[in-house]
Each structure stands twice: as C-alpha cells, then as structure tokens.
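Take a look at the letters that make up each chain.
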Amino acid sequence: MSAAEEVDLSADERAALDLVLETRGIHQSELWKELDISSRKGSRLAESLVEKGLIDREETVYEGHNTYFLMPTARDLDFSLLMAGDMLSPFIGEEEVDPRSDAFSQWLMNLAYDEY
C-alpha cells in the first residue's frame, strides 16, 4: 500500500497527487493550469500534499518566474523495475556498463528466471 492510499484525500488533492505521480514531477504553475484551478488553490493543494508527506516541493525558476517543482516522495516511486530477484541493475551508479560483463549477464538471468 502506498502512502497515498493510507491518507484520506479530497477529490482535488487526489487529482493533484495523481498528476504529480503521472508526470513524475511538475512545476506548480503547470499543475494548477492542468487542473484548471486558480494559482492560489494550486498552491494550497501543493502545501497540503507536502504536509501529508505525499510530495516534495523545491523552489525553482520556470519560464522566468519563481515557482516550485513538485515531485513524488521517494517512498511512492516504484523501484521494482530496477530489480531482478534480489539483484539491483548493474546500470545503477555506473557511467559505462559492458553488456558482455558477468554482472549484467547474471542480472539478466535473474530477471528471466524471475518471470516464471
């Protein structure tokens, strides 16, 4: 169960959270435009979701204006696609990965056997 499922949200909060999750991050000024709400209401929704620990908000400049970038909290991100069994993808943290390496081959084998 994700954090969002554990919290009681209004319909507007749910719509805002869904948009942040779907986009994997959106500027607050784009959020309220996408939801067709006022900037004031968008700001209140973002603040509420931050207070509930469902999103993170970082100050930024977008199209020459001060705004916030809203992003999912790490606990709501799905890292399962990086895993093969109990092995983390060898591409994580590496600048260059040799697709013929033993680590990559083992990860692929675990991924293939994980499917069954």
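Keep in mind that what you see is a predicted model, and the values were worked out from it rather than measured.

A. Region of the structure containing the pairing of strand β3 (residues 65-72). Of the strand pairs in this sheet, strand β1 (residues 26-27) and β3 are connected by 2 bridges, and their pairing is antiparallel. Counterpart to Ile26 in the pairing with β3 is Leu70. Relative to β3, strand β2 (residues 55-62) runs antiparallel, the two sharing 8 bridges. Following the sheet pairing, Val61 is matched in β3 by Asn66.

B. Helix α2 (residues 11-23), seen in detail. Here α2 contains 13 residues, and its C-alpha end-to-end distance of 18 Å stays within 8% of the 18 Å for a straight helix at 1.5 Å per residue. If you check which residues of α2 are buried, you get Glu13, Ala16, Leu17, Leu19 and Val20. All buried residues of α2 lie within an arc of 155° about the axis, which places them on one face of the element. Those residues of α2 that are exposed and aimed more than 90 degrees away from the buried face are Ala11 and Glu22. At the exit of α2 stands Arg24, carrying a positive phi of roughly 60°.

C. Representation of the environment of Arg24. Relative to the helices and strands, Arg24 resides in the loop between α2 and β1. Taking the C-alpha atoms as reference points, Arg24 and Thr73, 49 residues apart in sequence, are found 9.8 Å from one another.

Quick notes on the rules
- Residues numbered from 1 in each chain as written.
- Predicted model: local features only at pLDDT ≥ 70, side-chain atom pairs only at ≥ 80, totals over all residues.
- Heavy atoms only, no water.
- Pairing = 2+ DSSP bridges.
- Helix = DSSP H or I, 4+ residues; strand = E, 2+ residues; numbered from the N terminus.
- Expected span 1.5 Å × (residues − 1).
- Buried < 20%, exposed > 50% of the residue type's maximum accessible area, 1.4 Å probe, protein only.
- Arc of directions from axis to C-beta.

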